[in-house]
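# Examination of the molecular architecture
Read off the chains here:
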Amino acid sequence: METVYWAELRHSLFQNQTMYIAATEKGLCKVTWPTDSMEVLMSWIHRRFPQADIVESSEKLAPYVTQLNEYMNGARQSFSLPLDLRGTEFQKKVWQALQQIPFGEARSYSDIAHGIDRPQAVRAVGTANGANPVPMIVPCHRVIGKNNTLTGFAGGLKVKEALLNLEGYHGYTAAGHARFQF
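Residues numbered from 1 in each chain as written. Predicted model: local features only at pLDDT ≥ 70, side-chain atom pairs only at ≥ 80, totals over all residues. Heavy atoms only, no water.

Turning to the pairing of strand 1 (residues 3-10), a few remarks are in order. In terms of burial, strand 1 is largely enclosed, as six of its eight residues are buried. In terms of strand pairing, strand 1 meets strand 4 (residues 53-56) through four bridges, oriented parallel. Across the sheet, the residue bridging to Y5 is V55, located in strand 4. (Buried < 20%, exposed > 50% of the residue type's maximum accessible area, 1.4 Å probe, protein only. Helix = DSSP H or I, 4+ residues; strand = E, 2+ residues; numbered from the N terminus. Pairing = 2+ DSSP bridges.)

Structural data, given as structure tokens:
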């Protein structure tokens, strides 16, 4: 039987609101946004790991918390964490492409679709981007509309903007509509 460990994380970047992180023995599998409740985390775990034991363990999650805090403090530009990503093959391909976007840069949904040799799958790329279970580590916030506008984001556009600003990227327009500008 698999075990999923979880812990809380708070940071001033998100007004010290509670975020939750979870990992298996294989690696980090989930990071929630500050707007997500504990129920969101537990529901996600139960869907992907239906037989798992769920254990709170700040000790087990300490390396993940450390690197996330370093990133949010502006002291880390990349992560060296093992990941346990659960998703479709298409989603995993998109998430791998997101990890290739350098710190402080952005790509469009169309760029990602072309990069995975699925140029017609722009909306599907947006959906996979939104399903990313480990934001910040897999930098879904670095994907913007091809007209440089901020677009829909699971954590909210203000969070997306805060993360891009943290990385020193300002080549976007904050006036983007929340949907359909890929």
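With that settled, consider the packing of helix 3 (residues 89-98) against helix 5 (residues 122-130). At a minimum axis separation of 9 Å, helix 3 and helix 5 run at an interaxial angle of 80 degrees. By the angle between their directions, the pair helix 3 and helix 5 is classed as roughly perpendicular. Contacts from F90, Q91, V94, W95 and L98 of helix 3 reach helix 5 at A124, V125, A128 and N129. For the contact of helix 3 with helix 5, the class distribution of residues is seven nonpolar, two polar and no charged. (Axes fitted to C-alpha atoms, helices over the stretch in contact; angles between N-to-C directions. Parallel < 35°, antiparallel > 145°, perpendicular 65-115°, else oblique. Contact = heavy atoms within 4.5 Å. Nonpolar A, V, L, I, M, F, W, Y, C, P; charged D, E, K, R; others polar.)

This part is about the confidence of the model for the protein. For the protein, per-residue confidence averages 93 on the pLDDT scale, and residues scoring 70 or more make up 96% of the total. Scored below 50 in pLDDT, residues 178-182 shows 18 contacts in the model against residues more than four places distant or in partner chains. (pLDDT = per-residue confidence, 0-100.)

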